[in-house]
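Residue-level listing of the chains:
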Amino acid sequence: MAQSHTARSNWDRDEVKRDQYVGQQMNKHSRFYKNVYDVLYTINDFLMGLWFLIGSCFFYFESLKNWGVTLFVLASIQFIIRPTIRLVHDFRARNHYKEEYKSQQDLTNKEDKSR
């Protein structure tokens, strides 16, 4: 039982170290790699505004009202895309850094065993 408790404690300690590593890397990542996602986010916002503007103008003309509604629906869908871009970015980055940490730990363990 004591051995099981010790293994659990070691696992918890490793988990905390991994989470700290991922957090540090995400801070660096947020400053550097985030630019691509910021561009996607900005393009999405621009298109959303454009669809609402054009859709609003279409409402002045009876023959274009259906197109206006279609553009409003398209812009509304893009409201869902906004947080999705952010979530995909965060999820992919965190998984990358968790794998990187695991690889570093595996390499360190191999080096320790070969000594």
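Residues numbered from 1 in each chain as written. Predicted model: local features only at pLDDT ≥ 70, side-chain atom pairs only at ≥ 80, totals over all residues. Heavy atoms only, no water.

Enquirer: Would you mind going over the overall build of the chain with me for this structure?
Expert: The secondary structure content of the chain amounts to three helices and zero strands. For the chain, the succession of helices and strands along the chain, N to C, is α-α-α. Contacts in the chain between residues at least 24 apart in sequence constitute 70% of all its contacts with a sequence separation of at least 6. Total accessible area on the chain is roughly 9,100 Å²; 61% of this is exposed by carbon and sulfur atoms. (Helix = DSSP H or I, 4+ residues; strand = E, 2+ residues; numbered from the N terminus. Contact = heavy atoms within 4.5 Å. Areas by Shrake-Rupley, 256 points an atom, 1.4 Å probe, with all protein chains shown as cover.)

Enquirer: Can you help me understand the side chain of Asn44 in this one?
Expert: Counting through the fold element by element, Asn44 comes out in helix H2 (residues 34–58). Residue classification places Asn44 among the buried positions, given a relative accessible area of 6%. The contacts of Asn44, once residues within four sequence positions are left out, are Gln78, Ile81, Arg82 and Ile85. (Buried < 20%, exposed > 50% of the residue type's maximum accessible area, 1.4 Å probe, protein only.)

Enquirer: In this structure, what is going on with the environment of Ser56? I would like to understand it.
Expert: Tracing the backbone through its elements, the reader meets Ser56 in helix H2. Residues Ser56 and Gly68, twelve residues apart in the sequence, show an inter-C-alpha distance of 6.4 Å.

Enquirer: Would you mind going over helix H3 (residues 65–114) with me for this structure?
Expert: Within an α-helix, residues lying three or four positions from one another point in the same direction, as the helix has 3.6 residues per turn. With 50 residues, H3 extends 73 Å from end C-alpha to end C-alpha; this agrees with the ideal 74 Å at 1.5 Å per step. Listed in full, the buried residues belonging to H3 are Gly68, Leu71, Ala75, Gln78, Ile85, His89, Ala93, Tyr97 and Tyr101. (Expected span 1.5 Å × (residues − 1).)

Enquirer: In this structure, what is going on with the packing of aromatic side chains? I would like to understand it.
Expert: Within a pair of aromatic rings, the relevant descriptors are the distance that separates the centres and the angle that separates the planes. Inspection of every chain in the model, using the stated rule, returns three aromatic pairs. Note on Phe52 and Phe72: the rings are 5.6 Å apart at their centroids and 35 degrees apart in plane angle, and the pair reads as tilted. With a gap of 20 residues between them, Phe52 in helix H2 and Phe72 in helix H3 connect regions that are remote in the sequence. For Phe72, a relative accessible area of 23% puts it in the partly exposed group. Summarising the aromatic geometry, the rings of Phe52 and Phe79 are spaced 6.1 Å apart at their centres and angled 50 degrees between planes, so their arrangement reads as tilted. Here Phe52 is found in helix H2, whereas its partner Phe79 is found in helix H3, with 27 residues between them in sequence. For Phe52, a relative accessible area of 28% puts it in the partly exposed group. (Phe/Tyr/Trp six-rings, centres within 6.5 Å; stacked < 30°, edge-to-face > 60°.)

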